[in-house]
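Chain by chain, the residues run as shown.
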Amino acid sequence: LLSLSPEESTNVMEAGGVVLGAAWCCGLAAGRCTPYDAVGIWSVVVFYSSVLVVSGVHIAMLQSGDYETAAARKNEDERATTTTTRPRRENVARAASGGDGEDLGLLISLVTYFFGFAGGCLLWALDPRWVRARPPRTWQGVQLLGSAILGICLCLFLKVHADMGESWRPLPGAPPRLVTRGTFRYARHPMYALFLWATVGTLLATLNWVVAWCVSGIVVVTLRRIRTEERILVDSFGERYVEYRRSVSALGVPWRCLGFDGEMIREQKRRRGDYDAVT
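Residues numbered from 1 in each chain as written. Predicted model: local features only at pLDDT ≥ 70, side-chain atom pairs only at ≥ 80, totals over all residues. Heavy atoms only, no water.

Colleague: Where do I start with the overall build of the chain in this structure?
Modeller: A tally of helices and strands in the chain yields eleven helices and zero strands. By the burial criterion, 38% of the 279 residues in the chain qualify as buried. Taking as baseline every contact in the chain between residues at least 6 positions apart, the subset at least 24 positions apart corresponds to 71%. Put simply, the chain shows about 16100 Å² of open surface, and 65% of that area lies on carbon and sulfur atoms. (Helix = DSSP H or I, 4+ residues; strand = E, 2+ residues; numbered from the N terminus. Buried < 20%, exposed > 50% of the residue type's maximum accessible area, 1.4 Å probe, protein only. Contact = heavy atoms within 4.5 Å. Areas by Shrake-Rupley, 256 points an atom, 1.4 Å probe, with all protein chains shown as cover.)

Okay, here's the thing in structure tokens:
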């Protein structure tokens, strides 16, 4: 490089960066793949792979009985079954089972998501010009911001699983206890909120709308579960959960526009009106 002119040295360094970026992209980009692209796509791969691994481990822990308190509560519930508790449990069962139509809709959503994600990976490999934005260098900071969002989402995802413990369910069902501590002080469904933020992070990290569209499928599936889970939790915990729902947002303040916080907003308006009346 010392024998080259400044312009030639710059071109060689840029070419080396492209080669290094393509190598870190595992050859996924037929066109230009910068190191920032590599960091972005690997952030996406690490996050969603970790979601699958952590969820699988948590399911295995639940099935193997590592949560002794869950088994103890189950035994206590079986011994305490009375005519007064049966109606509530029947309500929970009805709320959890959405019927064949809802199960079929979930299956179709999952299949569509799988093939959509596979198609997105193929488009990323072919790298057509209309898929990925070709921003100026000033946008490289945006890609790093997206990768940082995904890293934060991964850390918080682990925290949510730790907060839930034996109360986590891979499918809608009545948990043994109501969790309101930790991340649940800021959102009633923090895991689903993280999937929303991860979709935003994916778009920023890759600047690829196809990849962002593919991973957004998990958001569609999880948001469909919120109202079902809310019915189950109300039937399971009654007024305790209703009061909790009135004070904590479903997905956090930035996502109130999605329409899951109507009761909380009405409660805040009522309290504000009572305060104005007193003052």
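Colleague: Looking at this structure, how should I read the packing of helix α2 (residues 35–64) against helix α7 (residues 190–206)?
Modeller: Relative orientation of the contacting elements α2 and α7 amounts to 155°, with a least axis distance of 8 Å. Relative to α7, α2 is oriented roughly antiparallel. Considering how the two elements wind past one another, α2 and α7 form a crossing that is left-handed. Counting all contacts with α2, which are made through Tyr36, Gly40, Ile41, Val44, Phe47, Tyr48 and Val51, the residues of α7 involved are Phe195, Ala198, Thr199, Thr202, Ala205 and Thr206. Across the contact of α2 with α7, the residue classes tally to nine nonpolar, four polar and no charged. (Axes fitted to C-alpha atoms, helices over the stretch in contact; angles between N-to-C directions. Parallel < 35°, antiparallel > 145°, perpendicular 65-115°, else oblique. Left-handed = near helix turned anticlockwise from the far one by under 90°. Nonpolar A, V, L, I, M, F, W, Y, C, P; charged D, E, K, R; others polar.)

Colleague: When you look at unusual backbone geometry in this model, what are you seeing that I'm missing?
Modeller: Most peptide bonds are trans, and most residues other than glycine sit at a negative phi. One non-glycine residue with positive phi stands out, namely Leu207, at about 50°. Position of Leu207 relative to the elements: it lies in the loop between α7 and α8 (209–215). You can call Leu207 buried: its relative accessible area is 11%.

Colleague: Sorry, what's going on with a nonpolar patch on the surface here?
Modeller: Together, Trp42, Val45 and Val46 give the surface a local cluster of nonpolar side chains, amounting to about 230 Å² of exposed area. Within the secondary structure layout, Val46 lies in helix α2. (Patch = residues over 30% accessible without salt bridge, like charges linked within 9 Å, V, L, I, M, F, W, Y side chains within 5 Å. Salt bridge = Lys/Arg side-chain N within 4 Å of Asp/Glu carboxyl O.)

Colleague: Honestly, the nonpolar core in this entry has me stumped. Any pointers?
Modeller: Grouped burial of nonpolar side chains is what soluble globular proteins tend to show. Counting residues in each nonpolar core, the largest one holds 37 residues, and the members touching the most others are Phe47, Tyr48, Phe157, Met191, Phe195 and Leu251. Mapped onto this core, the elements with two or more residues apiece are α2, α6 (140–164), α7, α9 (217–237) and α10 (239–247). The biggest single contributor to this core is α7, with eight residues. Beyond its immediate stretch of four places on either side in the chain, Leu251 contacts Ala187, His189, Tyr192, Ala193, Leu196, Leu223, Ile226, Leu258 and Phe260. (Core = buried A, V, L, I, M, F, W, Y, C linked by side-chain atoms within 4.5 Å.)

Colleague: Can you help me understand the packing of aromatic side chains in this one?
Modeller: One pair of aromatic rings is described through two measures. These are the centre distance and the angle between the planes. According to the stated counting rule, one finds four aromatic pairs in the structure shown. Both rings, one in Phe157 and one in Phe195, keep their centres 6.1 Å apart while their planes meet at 40°; by these two values the pair is tilted. Here Phe157 is found in helix α6, whereas its partner Phe195 is found in helix α7, with 38 residues between them in sequence. (Phe/Tyr/Trp six-rings, centres within 6.5 Å; stacked < 30°, edge-to-face > 60°.)

Colleague: Looking at this structure, I do not really get the environment of Met61. What am I missing?
Modeller: Relative to the helices and strands, Met61 resides in helix α2. By relative accessible area, Met61 is classed as partly exposed at 28%. Placed 104 residues apart in sequence, Met61 and Gly165 show a C-alpha to C-alpha distance of 9.6 Å.

Colleague: Could you clarify how one ought to interpret the side chain of Ser167 in this entry?
Modeller: If you trace the backbone, Ser167 turns up in the loop between α6 and α7. Given a relative accessible area of 5%, Ser167 falls into the buried group. Ignoring anything within four residues of it in the chain, the contact list for Ser167 reads Pro175, Pro176, Arg177 and Val179.

Colleague: How should α6 be read in this particular structure?
Modeller: Because each turn of an α-helix spans 3.6 residues, side chains separated by three or four positions in sequence point in the same direction. The first and last C-alpha atoms of α6 sit 36 Å apart over 25 residues, in line with the 36 Å expected at 1.5 Å per residue. Turning to α6, its buried residues number three or more, namely Gln143, Gly146, Ser147, Ile149, Leu150, Cys153, Leu154, Phe157, Val160, His161, Asp163 and Met164. Looking at the buried positions of α6, the neighbouring elements they touch are α2 and α7. (Expected span 1.5 Å × (residues − 1).)

Colleague: What should I look at first to understand α7 in this one?
Modeller: Here α7 spans 24 Å end to end across 17 residues, near enough to the 24 Å set by a 1.5 Å rise per residue. In terms of residue burial, α7 counts as a mostly covered element, since 13 of its 17 residues are buried. Looking one or two residues past α7, Leu207 carries a phi angle of roughly 50°, positive in sign.

The values are spatial; any link to function lies outside them.
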